[in-house]
Every structure is written in structure tokens, then in C-alpha cells.
Amino acid sequence: FEAPYPPYDPTDKQSFSYETVVKRWPIIVTSIIDQLYQMNHGLSLLEPQSDVFDVKHMNPERKSAIIREAKTIMEKVSRVRYEMGRDYPMPEIEDDGEPLVREYNLELKRLAGEGKGTWFTCPWLFAECYLYRLLRSFFKLTDHWAAFDQFAAQKDDTFMKSSVAVAQIATTMHGMESTKDILESDPSKLEVLFREMLQVCLWGNATDLSLLTHMTIADIENLQSVGKEAQTARQEYILKDDQQAVWDHVRTLKNARIDIVLDNAGFELFTDLIFADFLVTYTPYVSKVVFHPKAIPWFVSDVLPTDFLKTIRELIRSPSFSSPSSTSPTSKHSAGHLKLLANRWDRYLSDGTFALSVPLETPIGAPDAAPIHFWTSPWPYWDLRERDEELFGCLEGSGLVVFKGDLNYRKLTGDIRWPVSTPFATAVGPLAGAFPILSLRTNKADVAVGVDEAVVEKLEENWRISGKYALISFIPKADA
Ligand code: F6P
Ligand code: MG
């Protein structure tokens, strides 16, 4: 599919892609170097500082090999940082035995042929995906770091900081238990709750670790607070609101399977599980939810298969969630509610109500994890049928495919400079109508469609990227 406009790229100095290449990527790659540096330091002092390496039982040769390899990775990452800042040609990805190396390199070659093969001239969507795949190859090409997730510590850390919002939502969910009978007999009440749960899931996307470079924890807590008032206040920030159309569609389902193409781990994943839990526990419409994670560490905060399982286990076991330090009765209650909820999710995983699209134990990069490699390719989703027929066929059988977050939105619309009033169904190209599509996205990148020009004119200048505004975009399946 050929879009009628060009994609966003950093040659436009006003674009967020420019700011990303200049400011945000250097911060992200530097954080990887810092982390490896600190881990090496810890290793040389034999500090058992993480569960990544079993330092206690390590022989000296192994330890030196780990340290040596970390240095090699740091050198490679530093080089990327240096070259990026000077607009060098993007380097080829070395063959690391994992999928997509050839595809990325071929596309890079093609772009270079058009004079777009450097960090500042390449289409932003391609370059950004490329960067994460390149970083993955640095780790994969070592003996000791191949299974390492360079973003795990950041993900864990930020999740812990959202424990207040997590507890609050768990208690809201618990309150719903007693209304189950009423909900069954009164679809209008179910509709109200559906909207509320959908919005919890939507705003869960406002927490984006790669945006934390300019966001404070207070900002995040503010975005995470739930409840009627907060929801109403946020209504004005939803610039495209297809909630009614989604509800009208969901109501027609019966014991359907829905799919969630995940975005970020931690708080956002928690809110995805909340939405999924609501649909299978309280409505007759959905009886199974399949979650689609990423194959490799991706855009800092995205969910890997290990993050998925870890999150549920953490909610059941971890002291920060199950017994928050405050001893107030409310927080004790919340901790109990959270435990019940997480245990239910564990049960749902065992009985197949919840499932990942790959086995739960899938390690990083696993070449045989075919159903998830498409999500870490650079391709716009309008190419899905051509690029991955099997995945396309699987999604065709879904009652609803929910695409979470900003990057999924950029891929749905090809990250193209669409005029803002372009209908969403036009912007997703030939994917429109293939299966019911719901995109839940808070705006963190330039592309946006389906919004009135008149509405946009009244907004503050940074509405496209501040993470404060959101789009709920739905396209039904075309009639067969
Ligand atoms: O725009 C900032 C950014 O890092 C983009 O690169 C990317 O599209 C997005 O944020 C990631 O956000 P999300 O986690 O919502 O996909
Ligand atoms: Mg993400």
C-alpha cells in the first residue's frame, strides 16, 4: 500500500521525530551504557547486586568473560551514540541468528539508495524500530548477555512506583463483585462500566518509560488516578471518541475471543489485564483474551513474555504490592483485593481464559516464537497480510483486536503525515475491515487522524506529543 503523503522524519526540525533523535535517543542509549558500567563494577567487586548473574558461585574466568563482553557491548552502544549525533549512515545489523536481520538490512539499503540511510534522514518509524533491533544484536552476539533485558530494571522500578494506583484500581474492581447480579440484569449499567474500564486501559498508556525523560512521578500519579471525576475531567482530552461504536460492536459478541496487542509493561499491562478481566468476568460477550507481547526488548518499556508472567506473580507475592508499608485499613484492604484479583488472573492463565500468543516461558528473541516477531519488525500494519499470513489469519478470527499505545498507532497509520481530518479507516489502508480494530492511544508522536480541524485549532501547541490527549479509534470488520 502506497500512502499519498510521506512519513514523518527528522528532516523537519519542528517534528517530534527531530527532538527524539537529538535528545531522547541519546538519553536512552546512555542509560544502557550506565547500567552495564554499574553491573561490571558490581561484578568486579563480587557484589551479588542482581539476580542476573549468580556471582557467588561464579569462577573467575566466567566473571572476566562477562565483564569483557559487557565492555564490548558498551563500545558498540557508545559508537551508535556518537554516530547518531553526527548523522552518520546507520550501520548494518550483524547476523545474530534471530529473525528480521535481512529484512531490516535490505530496507536500510533501499532507503540509503534514496538518500535516507542516515540517522537524521531516515523515516522515523523505521529508524526507531531499527535502533532497538540493532541494540538487541549487540547482546545476542555475546555468550553471557544474550538473555539479558537491558530495560528490565527500569520497568520493574517504575511499576513499583505505581503501587498506589494499582491498589486503588484493585479496590474498585473488588467493589464490582457485589454488583454482579445487577450488572447481568441491566445492560445500561454494564455499558457505563465498560466505558470506565476501557478508559482505565486507555490512560494506562500514559505511563511510558521512554517519555520519563521529561515526566515526573507526580505527573504520572496524576494520570493514573481513576474514578468518575477523573474520567469526566479527562473526557475533554479524548479527541476522537469511538466508545459508543465499540460498545455497540462488543454487545453483538457472544463468548468471543478478543486479542490485545500489548504495549508497555508494568502499570499499563496491569490496566490491560483489568480491561480483559472485566470483559471475561462480568460480560457474556467475551470468554477468552489472547495477549500479544514483544519478542525482544523494545521501545524501553514494552512487554516481553517474561514480563507478563512476572507481573502477575509480583502482584501475588511482592511485599510492595501485597502489603504496602502504610498500615492504614484501606491499604490493607486494597492489598487483599489485589491478591484476590491476581490469583484470579493466575487461574485464568491456567484454564486458558487468558493466554499469551506464545508460550509463557518464551525467552527473549526465540526464533521459533513466530507469532510475535511481526510486532518487532519495522513494517506498517497495512502490510500484515503480505508479511505474516499466519498472524493475519489468526487475527481474522478475533472478536476484537485491541492495539495498545502510541507505537501501535504509528504502525497502524504508517506514521504518515496524514492531514488530521483523514478518517482513521483511510489511514490504516487495506487493514480496514479485515477484523474489528480498536486503537487505544495517548498521543506521544506526531501522527494523528480522525480529529476535526476545528478542534485541533483550539488546542495547545504540543497536543500531538504531550501524552495528555488521547484517541479511541474503532473500525468494524467489513461485511463478508
Ligand atoms: O514518541 C515517543 C515515543 O517513544 C515514540 O517513539 C513511540 O511511538 C512512543 O513514544 C512509545 O509509546 P508507547 O509505549 O505508547 O507505544
Ligand atoms: Mg511502548
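Just above, that's the structure.
Residues numbered from 1 in each chain as written. Chains lettered and ligands numbered in written order. Predicted model: local features only at pLDDT ≥ 70, side-chain atom pairs only at ≥ 80, totals over all residues. Heavy atoms only, no water.

Trainee: Where do I start with the coordination of the magnesium ion (ligand 2) in this structure?
Mentor: Any two of four tetrahedral donors ideally make an angle of 109.5 degrees at the metal, while pairs among six octahedral donors ideally make 90 or 180 degrees. At this site the magnesium ion (ligand 2) is bound by Asp263 (OD), Asn264 (OD1) and Asp302 (OD), with donor distances of 2.1 to 2.2 Å. For the magnesium ion (ligand 2), all donor residues lie on one chain, and their spacing in sequence is D-N-x37-D. For the pair formed by Asp263 and Asn264, the shared burial category is buried. (Donors = N, O, S within 2.8 Å, 3.2 Å for Na, K, Ca; no water. Buried < 20%, exposed > 50% of the residue type's maximum accessible area, 1.4 Å probe, protein only.)

Trainee: I'm lost on the site of ligand 1 in this one. Help?
Mentor: Neighbouring residues of ligand 1: 16 residues in total, closest Glu128, Asp406, Leu407, Arg410 and Lys444. For ligand 1, an oxygen atom lies 2.7 Å from a polar atom in the backbone of Leu407. Only α1 (16-44), α4 (124-140) and α19 (405-412) provide two or more residues apiece to the shell around ligand 1. In terms of residue count, α19 provides more of the shell around ligand 1 than any other element does, four residues in total. (Near = heavy atom within 4 Å. Polar contact = N/O pair within 3.5 Å; in protein donor to acceptor, adjacent residues only side chain to side chain. Helix = DSSP H or I, 4+ residues; strand = E, 2+ residues; numbered from the N terminus.)

Trainee: What exactly am I supposed to notice about the environment of Tyr88 here?
Mentor: Summarising the element assignment, Tyr88 is placed in the loop between α2 (60-85) and α3 (101-113). Relative accessible area serves as the criterion here: at 33%, Tyr88 is assigned to the partly exposed category. Separated by 25 residues in the primary sequence, Tyr88 and Gly113 have C-alpha atoms spaced 15 Å apart. Each residue touching Tyr88, except ones within four places of it in the same chain, is listed here: Tyr82, Glu83, Thr118 and Trp119. (Contact = heavy atoms within 4.5 Å.)

Trainee: I would appreciate a short explanation of the packing of α1 against α4 in the present structure.
Mentor: Two quantities define a packed helix pair, namely the angle between the axes and the distance from one axis to the other. Between α1 and α4, whose axes approach to 12 Å, the crossing angle comes to 10°. By the criterion of interaxial angle, the relationship of α1 to α4 is roughly parallel. Taken together, the residues of α4 that come into contact with α1 (itself represented by Phe16, Ser17, Thr20, Trp25, Ile28, Val29, Ile32 and Leu36) are Trp124, Ala127, Glu128, Leu131, Tyr132, Leu135 and Phe139. The residue makeup of the contact of α1 with α4, split by class, is twelve nonpolar, two polar and one charged. (Axes fitted to C-alpha atoms, helices over the stretch in contact; angles between N-to-C directions. Parallel < 35°, antiparallel > 145°, perpendicular 65-115°, else oblique. Nonpolar A, V, L, I, M, F, W, Y, C, P; charged D, E, K, R; others polar.)

Trainee: Is there a simple way to explain the pattern of salt bridges in this structure?
Mentor: Once the charged atoms of two side chains with opposite charge are near each other, the side chains can pair. Under the definition given, this model contains 28 salt bridges. The salt bridge involving Arg133 is made with Asp96; its shortest N-O contact spans 2.9 Å. Placement of Arg133 in helix α4 and of Asp96 in the loop between α2 and α3 is noted, with a sequence separation of 37 residues between them. Assessed through its relative accessible area of 2%, Arg133 is described here as buried. Exposure remark for Asp96: the relative accessible area of 6% places this residue in the buried category. Arg344 serves as the salt-bridge partner of Asp277, at 2.7 Å between the closest nitrogen and oxygen. Remark: Arg344 occurs in helix α15 (residues 329-351) and Asp277 occurs in helix α12 (residues 267-282); sequence separation between them is 67 residues. The class for Arg344 is buried, based on a relative accessible area of 10%. Each of Glu107, Arg110, Glu114 and Lys116 takes part in a single network of salt bridges with overlapping partners. (Salt bridge = Lys/Arg side-chain N within 4 Å of Asp/Glu carboxyl O.)

Trainee: I would appreciate a short explanation of the pairing of strand β6 (residues 437-442) in the present structure.
Mentor: In regular strands, side chains alternate between the two faces of the sheet. Across the six residues of β6, six count as buried, placing the element largely inside the fold. The pairing of strand β5 (residues 400-404) with β6 spans four bridges and is parallel. Residue Lys404 lies in a different strand from β6, and its bridge partner there is Leu440. Inspection of the sheet shows β6 paired to strand β7 (residues 470-475) by six bridges, in the antiparallel sense. When the sheet's bridge partners are listed, Leu438 is paired in β7 with Phe474. (Pairing = 2+ DSSP bridges.)

Trainee: Sorry, what's going on with the sheet that holds β7 here?
Mentor: Within a sheet, adjacent strands bond to each other through the backbone by hydrogen bonds, running parallel or antiparallel. Taken in spatial order, the seven strands line up as β1-β7-β6-β5-β2-β3-β4 in an open sheet, and their pairing is mixed. Looking at which strands have only one partner, the edges of the open sheet turn out to be β1 (238-241) and β4 (354-356). The sheet shows a mean angle of 15° between the axes of neighbouring strands, taken without regard to direction. Sheet topology note: the β1/β7 ladder contains three bridges and is parallel. Across the sheet, the residue bridging to Asp241 is Ile472, located in β7. Across the sheet, helix α11 (residues 243-250) touches β1, β5, β6 and β7, and the angle it forms with β7 is around 40°.

Trainee: Before we go on, may I ask you to explain the nonpolar core in this structure?
Mentor: Of all hydrophobic cores here, the largest spans 96 residues; its most connected members are Trp119, Trp145, Trp375, Phe403, Leu431 and Phe435. Residues within four places of Trp375 in sequence aside, it is in contact with Val261, His292, Pro293, Lys294, Trp298, Tyr381, Leu391, Leu395, Phe403 and Lys411. In terms of nonpolar packing, the next biggest core, distinct from the first, is built from 65 residues, Phe159, Cys201, Phe267 and Phe321 among them. (Core = buried A, V, L, I, M, F, W, Y, C linked by side-chain atoms within 4.5 Å.)

Trainee: I keep staring at α4 and nothing clicks. Help me out?
Mentor: In an α-helix there are 3.6 residues to a turn, and that puts residues three or four apart on one side. Taking 1.5 Å per residue, 17 residues should reach 24 Å; α4 reaches 24 Å between its end C-alpha atoms and fits that length. Within α4, 16 of the 17 residues are buried, which leaves the element mostly enclosed by the surrounding structure. (Expected span 1.5 Å × (residues − 1).)

Trainee: I tried to follow the side chain of Asp242 on my own but got confused; where do I start?
Mentor: Inspection of the secondary structure assignment puts Asp242 in the loop between β1 and α11. With a relative accessible area of 15%, Asp242 lands in the buried category. A distance of 3.3 Å separates the side chain of Asp242 from the side chain of Lys240, its partner in a polar contact. Non-local contacts of Asp242, meaning those with residues more than four positions away in its chain, are made with Ile472, Ser473 and Phe474.

Trainee: In this structure, what is going on with the environment of Glu453? I would like to understand it.
Mentor: Mapped onto the fold, Glu453 is located in helix α21 (residues 453-457). Judged by relative accessible area, Glu453 falls into the partly exposed class, the value being 39%. What Glu453 contacts, discounting residues up to four positions off in sequence, is Val420 and Ser421.

Trainee: Sorry, what's going on with the packing of aromatic side chains here?
Mentor: A ring pair, where both rings are aromatic, is described by two values, the distance of the centres and the angle of the planes. Evaluation of the coordinates by the stated rule reveals 33 aromatic pairs. Here the aromatic rings of Trp375 and Phe403 are separated by 6.3 Å at their centres, their planes lie at 70°, and the arrangement is edge-to-face. Taken together, the positions of Trp375 in the loop between α16 (370-373) and α17 (384-387) and Phe403 in strand β5 put the pair 28 residues apart, joining distant regions of the chain. For the pair formed by Trp375 and Phe403, the shared burial category is buried. Ring pairing ties together the aromatic residues Phe53, Phe139, Trp145 and Phe148, which thus form one cluster. Cation over ring: Arg86 sits above Tyr82, and NZ or CZ is 3.7 Å from the ring centre. Against the face of Trp379 rests Arg387, its NZ or CZ located 3.6 Å from the ring centre. (Phe/Tyr/Trp six-rings, centres within 6.5 Å; stacked < 30°, edge-to-face > 60°. Lys NZ or Arg CZ within 6 Å of the ring centre and 35° of its normal.)

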